[in-house]
Amino acid sequence: MNVNIDSSWKPYLEDEFSAPYFQSLASFVKVEYSNYKCFPPGKQIFSAFDNCKFDNVKVVIIGQDPYHGVGQANGLCFSVSDGIEHPPSLKNIFKEIETDIGHAYPVSGNLEKWASQGVLLLNATLTVRAHQAGSHQNKGWEQFTDAVIQSVSKHKKGIVFLLWGGFAKKKAKLIDNDRHHILTCGHPSPLSANRGFWFGNKHFSKTNFLLEKDGLAPVDWKI
């Protein structure tokens, strides 16, 4: 695996890249991509970082695994490539934006526009084997992405962290809540959303309120 990551992140993550666990992880990923169909495509593994430079980060959304269906994952959590049908969680995200802010439900599910505005769309695990959810968990990715969260927490101030669902909420312990804003709610998956734990959270308008209060430009959530 070639660690081809935007240079703005390297000063904060170079110790991770040289750590033994990351060397083992890189070897594992290389073997998996050589022997199996894996997602996202190799050049997009670090898309979350390439599309959102360290200096620009102002919002962090934490997902768990990349989508494991053909053509879905593009390296940004909850995002899919242009022309791909929206997965259920993404549909519910767009529905909440529609009711919260009033933006019409979009055609594309590609969230690169959010990333370019400073929204780090970070999956805890950055790769997955096709059609096998969770297949690359506990191989080292979580240690790496935990380090990313801790680095953002340590070196930035006033970041809005959006922690959706039980898995993401556990990441709160990595974040200095005296320096940052943490918003939590249920996961946008139908199982959680249909039980009343997602819709009505107003996280998108709340995020912009917090950003503007800190003198930062709001995120244009329209795709």
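Here, the structure is the one placed above.
Right, let's walk through the structure included here. (Residues numbered from 1 in each chain as written. Predicted model: local features only at pLDDT ≥ 70, side-chain atom pairs only at ≥ 80, totals over all residues. Heavy atoms only, no water.)

1. Notes on the overall build of the chain
Thought 1: Helix and strand content of the chain: 9 helices and 6 strands.
Thought 2: Scaling as 2.2 N^0.38, a compact globule of 223 residues should have a C-alpha radius of gyration of about 17 Å, and the chain matches this with 17 Å.
Thought 3: Seen along its three principal axes, the alpha-carbon backbone of the chain occupies a region of about 45 × 35 × 25 Å.
Thought 4: Within the chain, residue pairs in contact and separated by at least 24 positions form 65% of the contacts whose partners lie at least 6 positions apart.
Thought 5: Only carbon and sulfur atoms are counted for the fraction: they give 49% of the accessible area of the chain, which is about 10,300 Å². (Helix = DSSP H or I, 4+ residues; strand = E, 2+ residues; numbered from the N terminus. Rg over C-alpha atoms; globule rule 2.2 N^0.38 Å. Contact = heavy atoms within 4.5 Å. Areas by Shrake-Rupley, 256 points an atom, 1.4 Å probe, with all protein chains shown as cover.)

2. Description of helix α2 (residues 20-35)
Thought 1: Relative to the 22 Å expected for 16 residues at 1.5 Å per residue, α2 spans 23 Å between its end C-alpha atoms, a close match to the ideal helical length.
Thought 2: Of the positions making up α2, those classed as buried are Tyr21, Phe22, Leu25, Ala26, Phe28, Val29 and Glu32. Viewed end-on, α2 has its buried residues packed into an arc of 165°, placing them on one side of the element. Set apart from the buried face of α2 by more than 90 degrees, the exposed residues are Pro20, Lys30, Ser34 and Asn35.
Thought 3: Packed against the buried residues of α2 are α1 (10-17), β1 (38-39), β4 (128-129) and α6 (141-155). (Expected span 1.5 Å × (residues − 1). Buried < 20%, exposed > 50% of the residue type's maximum accessible area, 1.4 Å probe, protein only. Arc of directions from axis to C-beta.)

3. Notes on the side chain of His180
Thought 1: By the secondary structure assignment, His180 is in the loop between α7 (165-169) and β6 (181-185).
Thought 2: At a separation of 3.5 Å, a polar atom in the side chain of His180 contacts the main-chain amide nitrogen of Gly158.
Thought 3: When neighbours within four sequence positions are excluded, His180 is seen to be in contact with Val152, Ser153, Lys156, Lys157, Gly158, Ile159, Phe161 and Ile175. (Polar contact = N/O pair within 3.5 Å; in protein donor to acceptor, adjacent residues only side chain to side chain.)

4. What about the pattern of salt bridges?
Proximity of charged atoms lets side chains of opposite charge pair with each other.
Thought 1: Scanning all chains against the criterion turns up 5 salt bridges.
Thought 2: Here Lys91 and Glu85 are joined by a salt bridge, their closest N and O atoms 4.0 Å apart.
Thought 3: With a relative accessible area of 31%, Lys91 lands in the partly exposed category.
Thought 4: Glu85 sits in the exposed class, given a relative accessible area of 62%.
Thought 5: Ionic pairing is found between Lys171 and Asp146, a salt bridge with its closest N-O pair at 2.7 Å. (Salt bridge = Lys/Arg side-chain N within 4 Å of Asp/Glu carboxyl O.)

5. Comments concerning the environment of Ala172
Thought 1: Counting through the fold element by element, Ala172 comes out in the loop between α7 and β6.
Thought 2: Taking the C-alpha atoms as reference points, Ala172 and Gly186, 14 residues apart in sequence, are found 14 Å from one another.
Thought 3: Setting aside anything within four residues of it in sequence, one finds Ala172 in contact with Leu163 and Ile182.

6. What about helix α4 (residues 88-100)?
Thought 1: An ideal rise of 1.5 Å per residue puts 18 Å on 13 residues; α4 measures up with 18 Å between its terminal C-alpha atoms.
Thought 2: Among all positions in α4, only Ser89, Leu90, Asn92, Ile93, Phe94, Glu96, Ile97 and Asp100 are buried.
Thought 3: Residues of α4 that are buried make contact with α5 (112-116), β5 (160-164), α8 (190-193) and α9 (203-213).
Thought 4: Gly102 lies just past α4 and shows a positive phi near 100°.

7. Topic: the sheet that holds strand β3 (residues 119-123)
Thought 1: The 4 strands are arranged β3-β2-β5-β6 in an open sheet whose pairing can be described as parallel. This sheet does not close on itself; its edge strands, each paired only once, are β3 and β6. Shown here is a sheet whose adjacent strand axes are inclined to one another by a mean of 20°, direction ignored.
Thought 2: Bridge analysis of strand β2 (residues 59-63) against β5 gives 3 bridges, and the strand direction is parallel. In the sheet register, Val60 faces β5, and the bridge partner there is Phe161. (Pairing = 2+ DSSP bridges. Axes fitted to C-alpha atoms, helices over the stretch in contact; angles between N-to-C directions.)

8. What to know about the nonpolar core
Thought 1: Among the nonpolar cores identified, the biggest contains 65 residues, and Trp9, Phe49, Ile61, Trp114, Leu120 and Phe144 are the most heavily contacted of them.
Thought 2: Setting aside chain neighbours within four positions, we find Phe144 in contact with Leu13, Glu16, Phe17, Tyr21, Phe22, Phe46, Phe49 and Leu126. (Core = buried A, V, L, I, M, F, W, Y, C linked by side-chain atoms within 4.5 Å.)

9. Details of unusual backbone geometry
Thought 1: In this structure, the amide linkage connecting Phe39 to the following residue, Pro40, adopts the cis form with an omega of -5°.
Thought 2: Despite not being glycine, Lys202 has its phi angle at roughly 55°, a positive value.
Thought 3: Looking at the secondary structure, you find Lys202 in the loop between α8 and α9.
Thought 4: For Lys202, a relative accessible area of 41% gives the class partly exposed.

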